[in-house]
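Notes for the structure review
Given next are the chains, with one letter for each unit.
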Amino acid sequence: MTTRRDYYEILGVGKNASEDEIKKSYRKLAMQYHPDRNPGNKEAEEKFKEAAEAYEVLNDPEKRDIYSRYGHEGLNGVGYRGFSGFEDIFSSFGDIFGDVFGFKTGHSRTRTGARAGADLRYDLSISFMDAALGTATEISLNKLTLCTSCRGSGCAPGTSRRPAVSARDEAR
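Summarised in this report is the structure supplied together with it. Owing to the predicted nature of the structure, the values given are computational and were not obtained by experimental measurement.

About the criteria used
- Residues numbered from 1 in each chain as written.
- Predicted model: local features only at pLDDT ≥ 70, side-chain atom pairs only at ≥ 80, totals over all residues.
- Heavy atoms only, no water.
- Phe/Tyr/Trp six-rings, centres within 6.5 Å; stacked < 30°, edge-to-face > 60°.
- Helix = DSSP H or I, 4+ residues; strand = E, 2+ residues; numbered from the N terminus.
- Buried < 20%, exposed > 50% of the residue type's maximum accessible area, 1.4 Å probe, protein only.
- Salt bridge = Lys/Arg side-chain N within 4 Å of Asp/Glu carboxyl O.
- Lys, Arg positive; Asp, Glu negative; His and termini not counted.
- Contact = heavy atoms within 4.5 Å.

**Regarding the packing of aromatic side chains**
Here the structure, examined in full by the defined rule, presents three aromatic pairs. Taking 6.0 Å as the distance between ring centres and 40 degrees as the angle between the ring planes, the aromatic pair formed by Y8 and Y67 counts as tilted. Of this pair, Y8 sits in helix 1 (residues 7–11) while Y67 sits in helix 4 (residues 61–76); the two residues are 59 residues apart in sequence, bridging distant segments of the chain. Here Y67 falls in the buried class, since its relative accessible area comes to 5%. Seen in terms of ring centroids, Y26 and Y55 are 4.4 Å apart; in terms of plane orientation they differ by 20 degrees. Their pairing is stacked. Placement of the pair is Y26 in helix 2 (residues 19–33) and Y55 in helix 3 (residues 42–58), with a sequence separation of 29 residues. Here Y26 matches Y55 in class, with each residue buried. An aromatic cluster is defined as three or more aromatic residues linked by ring pairs; in this entry it consists of Y7, Y8 and Y67.

Here it is as structure tokens:
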């Protein structure tokens, strides 16, 4: 049986650390040990997994409370088993990476219709460092608007559209 390291020790924070301190420490470690920055480095991979697991627990008030009281064994009692690999980390951590990198994926919501802007798409390439640390980029989009004169009918003001008449209808 392997001894698991203390989550507070992994993140380098005290037991009374604030959410912001925990997030800041995790962000630093995630950047340092991220697999894209350390290809093929098994030690960095393990440290990245460790940091992700520690953050997942310490960033959740309920899990943090259980861990602080009962340690790793307490988390086993609530169905938490840690991560088996990167796929597990990334599928579980949409909300963590959302907190760190500024997007949310972890919360599902039911939709009754299309969200505003759902039909818009803009592909933008940014560097890894900009994605990790955040950046502001101004983009321009062309948007179709409703004509105030014809309100989308294509007819001149004061006129209306007539249905097209086929030659067969005309002969009747």
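Picking up after the structure, the text goes on.
**Comments concerning the pattern of salt bridges**
By the definition in use, this model includes nine salt bridges. Residue R5 pairs with E9 through a salt bridge whose shortest N-O separation is 3.3 Å. By relative accessible area, which is 35% here, R5 ends up partly exposed. Of the charged contacts, one joins K42 and E45 as a salt bridge, the two residues approaching to 3.6 Å between their closest N and O atoms.

**Section: the side chain of R64**
Along the chain, R64 turns up in helix 4. Buried and unpaired, R64 has E19 as its nearest opposite-charge partner, separated by 6.5 Å. When near neighbours in sequence (up to four residues on either side) are disregarded, R64 contacts Y8, G14, K15, N16, A17, I22, V57 and L58.

So, to be careful, I would describe these as geometric facts and stop short of saying anything about function.
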